[in-house]
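Chain by chain, the residues run as shown.
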Amino acid sequence: KAGVTQTPRYLIKTRGQQVTLSCSPISGHRSVSWYQQTPGQGLQFLFEYFSETQRNKGNFPGRFSGRQFSNSRSEMNVSTLELGDSALYLCASSLTGMGEQYFGPGTRLTVT
Amino acid sequence: AQSVTQLDSHVSVSEGTPVLLRCNYSSSYSPSLFWYVQHPNKGLQLLLKYTSAATLVKGINGFEAEFKKSETSFHLTKPSAHMSDAAEYFCVVSEYAGGTSYGKLTFGQGTILTVHP
């Protein structure tokens, strides 16, 4: 069974721009969660989608948004990028959103 | 609210010696607990999970962890370290508390394991 895939793997953007990251979950998984990983803050939960609905959201500003499609693929968008948005963004999928999650390799975003 | 504390930010061992990575958790409900490993520039891989069955949990690559409710601990151990075990390890908690818990894992700050030849 194919794992979680994320595209692109690396991105370099300029302050003020916006960016869209993509995640394809394991086949059959309907829940997709997104996390931000930085050296200072560690791994922090951004939001979770299940059957195209956002069910849970972490403590991030409204510049961070996401969506999920009918095939469970998910995208996250960050608008008006700031230097502090430089991070590894990880996507994870699970069957129901409870219990263990399976992670993709991440997208490394650098904001200059 | 759930939280996780990993008691050591760095652990250094020699190849062939035991590994102990310590984790304490806090949860208002019956939690599920996990250990994940992250190798450099890679995603997170699930090592093992506790979900209220046996308190001693065996995982991949010879790792195991023991859930101790009285101590609120979930320490990760391995009898003999291998060079390939060098990585960062995360203790993770998940609890069902209604809508605010869907899809949310709470991570400890991580423990970097170094294995010397």
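Right above here is the structure, for reference.
Scope of this entry: the structure provided in the associated data block. (Residues numbered from 1 in each chain as written. Chains lettered and ligands numbered in written order. Predicted model: local features only at pLDDT ≥ 70, side-chain atom pairs only at ≥ 80, totals over all residues. Heavy atoms only, no water.)

**Looking at the overall build of chain B**
Broken down by element type, chain B carries 0 helices and 12 strands. Relative to a compact globule of 117 residues, whose C-alpha radius of gyration would be 13 Å, chain B shows 14 Å and is just as compact. Considered along the principal axes of its C-alpha atoms, chain B spans approximately 45 × 30 × 20 Å. The 117 residues of chain B split such that 45% are buried. Accessible surface, chain B as shown: approximately 5600 Å² in total, 52% of it carbon and sulfur. The positive charge centre, built from 8 side chains, and the negative charge centre, built from 8, are 6 Å apart in chain B. (Helix = DSSP H or I, 4+ residues; strand = E, 2+ residues; numbered from the N terminus. Rg over C-alpha atoms; globule rule 2.2 N^0.38 Å. Buried < 20%, exposed > 50% of the residue type's maximum accessible area, 1.4 Å probe, protein only. Areas by Shrake-Rupley, 256 points an atom, 1.4 Å probe, with all protein chains shown as cover. Lys, Arg positive; Asp, Glu negative; His and termini not counted. Charge placed at Lys NZ, Arg CZ, Asp CG, Glu CD.)

**A look at the side chain of glutamine 37 of chain A**
Looking at the element boundaries, glutamine 37 of chain A is found in strand 4 (residues 31–38). A distance of 2.9 Å separates the side chain of glutamine 37 of chain A from the side chain of glutamine 38 of chain B, its partner in a polar contact. (Polar contact = N/O pair within 3.5 Å; in protein donor to acceptor, adjacent residues only side chain to side chain.)

**A word on empty space enclosed by the protein**
Under the counting rule described, the total for this entry stands at 1 cavity of 30 Å³ or more. In this structure, the largest cavity spans a volume of roughly 60 Å³. What lines the largest cavity is Arg9, Tyr10, Leu88, Pro105, Gly106, Thr107 and Arg108 of chain A together with Asn41 and Lys42 of chain B. (1 Å grid on protein atoms, 1.4 Å probe; cavity = no way out; pocket = protein on both sides within 12 Å on 5 of 7 lines; lining within 4 Å. Points joined across faces, edges and corners; volume = space filled by probe spheres on them.)

**Digging into the packing of aromatic side chains**
Applying the stated criterion across every chain yields a total of 14 aromatic pairs over all chains. When the ring of phenylalanine 63 of chain B is compared with that of tyrosine 89 of chain B, the centres are 5.6 Å apart and the planes differ by 45°; the resulting orientation is tilted. On the criterion of sequence distance, the pair formed by phenylalanine 63 of chain B in the loop between strand 7 (56–58) and strand 8 (64–68) and tyrosine 89 of chain B in strand 10 (residues 87–94) is long-range, its members being 26 residues apart. Ring geometry for phenylalanine 90 of chain B and phenylalanine 107 of chain B: centres 6.1 Å apart, planes at 85°, overall edge-to-face. Note that phenylalanine 90 of chain B is positioned in strand 10 and phenylalanine 107 of chain B in strand 11 (residues 106–107), a separation of 17 residues in sequence. Each member of the pair, phenylalanine 90 of chain B as well as phenylalanine 107 of chain B, carries the same accessibility label: buried. Above the plane of the ring of phenylalanine 50 of chain A lies arginine 55 of chain A, whose end atom (NZ or CZ) is 4.3 Å from the centre. One residue, arginine 55 of chain A, lies across the ring of tyrosine 102 of chain B, its end atom 3.9 Å from the ring centre. (Phe/Tyr/Trp six-rings, centres within 6.5 Å; stacked < 30°, edge-to-face > 60°. Lys NZ or Arg CZ within 6 Å of the ring centre and 35° of its normal.)

**Observations regarding the interface of chain B and chain A**
For interface size, the figure often reported is the accessible area lost on association. At the junction of the two partners, chain B supplies 22 residues and chain A supplies 23 residues. Regarding the contact of chain B and chain A, the summed buried area is about 1700 Å², with carbon and sulfur atoms giving 56% of it. Looking only at chain B, the three residues that lose the most surface to chain A are Leu44, Tyr102 and Gly103 of chain B, adding up to 30% of its buried area. Residue lysine 49 of chain B is joined to glutamate 100 of chain A by a salt bridge in which the shortest nitrogen-to-oxygen separation is 2.6 Å. Where chain B packs against chain A, one counts 9 residue pairs in polar contact (both at pLDDT 80 or more). Counting residues per element, the ones that place at least two in the side of chain B that touches chain A are strand 5 (32–38), strand 6 (44–50) and strand 10 of chain B. Looking at the side of chain B that touches chain A, its residues break down into 9 nonpolar, 9 polar and 4 charged. (Contact = heavy atoms within 4.5 Å. Buried area = accessible area lost by both parts, 1.4 Å probe. Salt bridge = Lys/Arg side-chain N within 4 Å of Asp/Glu carboxyl O. Nonpolar A, V, L, I, M, F, W, Y, C, P; charged D, E, K, R; others polar.)

**Topic: the sheet that holds strand 8 (residues 74–78) of chain A**
All names here are of chain A. Taken together, 4 strands build an open sheet; the order of strands is 1-3-8-7 and the sheet is antiparallel. The open sheet is flanked by strand 1 (5–7) and strand 7 (64–68), the only strands paired with a single partner. Pairwise comparison of adjacent strand axes, ignoring direction, gives a mean angle of 20° for this sheet. By the bridge criterion, 5 bridges tie strand 7 to strand 8 in an arrangement that is antiparallel. (Pairing = 2+ DSSP bridges. Axes fitted to C-alpha atoms, helices over the stretch in contact; angles between N-to-C directions.)

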